[in-house]
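Remarks on the overall topology
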Amino acid sequence: WAPTDCVGSQRLAVIIPFRKREEHLLIFLRYIHTYLQRQKLSYGIYVVDQIDGLEFNRAMLFNVGFLEALKDRNYTCFVFHDVDHIPVDPMLSYWCDSMPTHMASRTDEWNWRLPYRSFAGGVTKQLASQIRQINGFANVFWGWGWGSEDDDIRIRWWLAGLTLRRPKANNGNYVTIKKSHYRAPDNE
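Conventions we followed
- Residues numbered from 1 in each chain as written.
- Predicted model: local features only at pLDDT ≥ 70, side-chain atom pairs only at ≥ 80, totals over all residues.
- Heavy atoms only, no water.
- Disulfide = S-S within 2.5 Å.
- Helix = DSSP H or I, 4+ residues; strand = E, 2+ residues; numbered from the N terminus.
- Contact = heavy atoms within 4.5 Å.
- Salt bridge = Lys/Arg side-chain N within 4 Å of Asp/Glu carboxyl O.
- Buried < 20%, exposed > 50% of the residue type's maximum accessible area, 1.4 Å probe, protein only.
- Core = buried A, V, L, I, M, F, W, Y, C linked by side-chain atoms within 4.5 Å.

Turning our eyes to something else, we now look at the state of the cysteines. On inspection of all chains with the given rule, the structure shows 1 disulfide. Paired by a disulfide, Cys77 and Cys96 hold their sulfur atoms 2.1 Å apart. Taking the torsion about the S-S bond as the criterion, the Cys77 to Cys96 disulfide, at about 80°, is right-handed. Of the two residues, Cys77 is situated in strand 3 (residues 77-81) and Cys96 in the loop between strand 4 (85-87) and strand 5 (101-102); the sequence distance between them amounts to 19 residues.

Listed below in C-alpha cells is the structure:
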C-alpha cells in the first residue's frame, strides 16, 4: 500500500513470523492496516508461515521475510513484529530511525514494564542497512523460548556499534492478544 497524496522517504516492510495463529493474524491485520495508513506510510506486510513439523524458529522466519520482501521492493525500513502485539498509541511512528528501536517497550502482558532491562522482544524496527551490517538474525534458536533471539539481536547491534532505542514514555505501549504461546503444546 502507498498513500496517493504524498511520497514517503522510506519504504516499510512489516515481517510477521507465523504459525497456527489465524485468529491473531485476522485481528492484527484488521488493526495494523488502518494504523499504518494513518501514518501515510508506503508499506508491505509479509506473513512468513513456518509449515514444517520442526520447532518454531522465529529468527529464521525474520530472515526469510527480510530476503523475500527485498525481492518485491527495495524496502529501506523493516519492522519485525509478533502477530499478537497491537500498538496502542497512534503517535508511535513505524518509520525507522538512525538506530534500531525496540518498539514494544511496554505491554499489558508485562504490566507496562520491561520484563528485564535489556529486553528487546515483541516488535523492533531497523534499517535494511543495519540488518545487513549485523548479518540478520541468528538461525540457531528453535522452539518457543523466552527471547534468546531477541537477546542475541541486541548483542549483535551492540557489537556493530548500534545503540538500541526505545520510544518516549507511553509511546511504546502495546496490548497483547491473549493466548500465551509459552510452552504451548505441539509448539503452536
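Moving on from the model shown.
A few words on the environment of Pro90. Here Pro90 is to be found in the loop between strand 4 and strand 5. Taking C-alpha positions, Pro90 is 9.3 Å from Leu36, a pair spaced 54 residues apart along the chain. Dropping the residues within four chain positions of it, Pro90 is found in contact with Tyr35 and Gln39.

On inspection of all chains with the given rule, the structure shows 9 salt bridges. Lys71 serves as the salt-bridge partner of Glu68, at 2.9 Å between the closest nitrogen and oxygen. Taken as a pair, Glu68 and Lys71 lie in helix 2 (residues 58-72) at a separation of 3 residues, close to a single helical turn. Relative accessible area serves as the criterion here: at 38%, Glu68 is assigned to the partly exposed category. Look at Lys71 and you get exposed, because its relative accessible area is 63%. Between Asp97 and Lys125 there is a salt bridge whose closest N-O contact spans 3.9 Å. Remark: Lys125 occurs in strand 7 (residues 123-127) and Asp97 occurs in the loop between strand 4 and strand 5; sequence separation between them is 28 residues. For Lys125, a relative accessible area of 4% puts it in the buried group. Salt bridges linked by common partners bring Arg58, Asp82, Glu149 and Asp150 together as one network.

The next point concerns the nonpolar core. Counting 24 residues, the largest nonpolar core has Leu12, Leu36 and Tyr94 as the members making the most contacts within it. Elements with a minimum of two residues in this core: strand 1 (11-18), helix 1 (22-38), strand 3 and strand 7. It is helix 1 that provides the largest number of residues to this core, a total of 5 residues. Membership of the second largest hydrophobic core comes to 22 residues, among which are Ile15, Val48, Leu61 and Ile134.

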